[in-house]
Amino acid sequence: MAARIIDGKVIASELRARVADEVARVQRVHGVTPGLAVVLVGSDPASQVYVRSKHKQTQAAGMASFEHVLPADVEQIELLALIGKLNRDPGVHGILVQLPLPKSLDTEAVINAIDPAKDVDGLHPNNAGRLAGGFAALSPCTPLGCIILTKSVHASLEGLNAIVIGRSNLVGRPLVQLLLNENATVTIAHSRSRDLAQLCARADLVYGAVGRPEMVRADWIKPGATVIDVGINRLPGPDGKDRLVGDVAFAEVSEVAGAITPVPGGVGQMTVACLLVNTLRAACAIHGLAKPAV
Ligand code: GUN
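Note that the structure is predicted; figures quoted are calculated from it, not measured.

Reading the values: rules and limits
Residues numbered from 1 in each chain as written. Predicted model: local features only at pLDDT ≥ 70, side-chain atom pairs only at ≥ 80, totals over all residues. Heavy atoms only, no water. Near = heavy atom within 4 Å. Polar contact = N/O pair within 3.5 Å; in protein donor to acceptor, adjacent residues only side chain to side chain. Areas by Shrake-Rupley, 256 points an atom, 1.4 Å probe, with all protein chains shown as cover. Nonpolar A, V, L, I, M, F, W, Y, C, P; charged D, E, K, R; others polar. Patch = residues over 30% accessible without salt bridge, like charges linked within 9 Å, V, L, I, M, F, W, Y side chains within 5 Å. Salt bridge = Lys/Arg side-chain N within 4 Å of Asp/Glu carboxyl O. Helix = DSSP H or I, 4+ residues; strand = E, 2+ residues; numbered from the N terminus. Contact = heavy atoms within 4.5 Å.

Quick notes on the site of the ligand
Around the ligand, the neighbouring residues are Leu 96, Val 97, Gln 98, Leu 99, Asp 121 and Leu 170. For the ligand, a nitrogen atom lies 2.8 Å from a polar atom in the backbone of Val 97. Interatomic distance of 2.5 Å between a side-chain N/O atom of Asp 121 and a nitrogen atom of the ligand. For the ligand, the protein covers 82% of the area, taking 280 Å² as the surface of the free molecule. Looking at the shell around the ligand, its residues break down into 4 nonpolar, 1 polar and 1 charged.

Quick look at the structure:
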């Protein structure tokens, strides 16, 4: 039987609507308008698309959106000065530096310069460490989105066998921690793991986050498993235009899985919605307000 398609578009749009309601309430009751600053260095077309979408969705949720575009040859010290300014700006509650940065810049130093209270990407070592320790933290947006999509299928993840294929700081590692917090049993696999098929065989939840087009195959998947595809790979299409494919061979895996996310229209939709959630949460925490209802 064909798998249920998990519609990231619908789930993300519902989440954005809930964020917008909470933003309106926080504004009305406390006079606080959450603000998100996005910093883009250079003119990578894919990054420009992401940044534009963040800007539009932030404004649509009733938040303040600040965009800072710096040239690709900007000096490290200038970028750090901008981050310092945003750290001190009371109208800014979330700071996101679009990655990847040009090679001339020191990404680690840039992330470390962000005030952890405004680190809506959850990449600062304070937040990554807090998440790994099981403490409250701002967590990376894509893994948060993966958990929400999984919970649209499974009310509880307790005791389920999950496998995360990929160990990046942005997705794989934080996703493992979030799954542990949900009491799932987690296997961490990656591009060098041996016999991925066998590792996947027991998994109720499979997360493809390795960045290899269509690597996860149907014969790896336990019948009925939930498959969340984090991959966004661009391959040349038959018409000369790029075609987006995930890390999962969607057509064949959807014949075996119980539920599956498409690419596009799955996890990708959730990332910006979760960024709005994190910005709202950061604004409430900075102003000493109760945790918002989203
Ligand atoms: N580039 C691709 N995804 C992301 C993300 O989630 N955060 C940042 N900062 N850059 C990205």
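Here we look at a nonpolar patch on the surface
A surface patch of nonpolar side chains, amounting to about 250 Å² of accessible area, comprises Tyr 50, Ile 232 and Leu 244. Locating Leu 244 in the fold gives a position in strand β10 (residues 242–245).

Side note on the environment of Val 256
Inspection of the secondary structure assignment puts Val 256 in the loop between α9 (250–253) and β11 (259–260). Along the primary structure Val 256 and Val 110 are separated by 146 residues, whereas in three dimensions their C-alpha atoms are 43 Å apart. Once residues within four sequence positions are removed from consideration, Val 256 is found in contact with Ala 218, Ile 221, Lys 222, Pro 223 and Gly 224.

As for unusual backbone geometry
What is expected of a backbone is that most residues other than glycine have negative phi and most peptide bonds are trans. Each neighbour pair has its own omega, and for Leu 99 with Pro 100 the value is 0°, a cis peptide bond. With respect to the helices, strands and loops of the structure, Pro 100 is situated in the loop between β4 (94–97) and α4 (107–113). The omega angle of the peptide bond from Val 263 to Pro 264 is -5°, so this bond is cis rather than trans. Its location among the elements puts Pro 264 in the loop between β11 and α10 (267–286). For Asn 183, which is not glycine, the phi torsion reads 65° and is therefore positive. By the secondary structure assignment, Asn 183 is in the loop between α7 (172–181) and β6 (185–189). Residue Glu 214 is not a glycine yet carries a positive backbone phi of 55°. Tracing the sequence through the fold places Glu 214 in the loop between β7 (205–208) and β8 (226–229).

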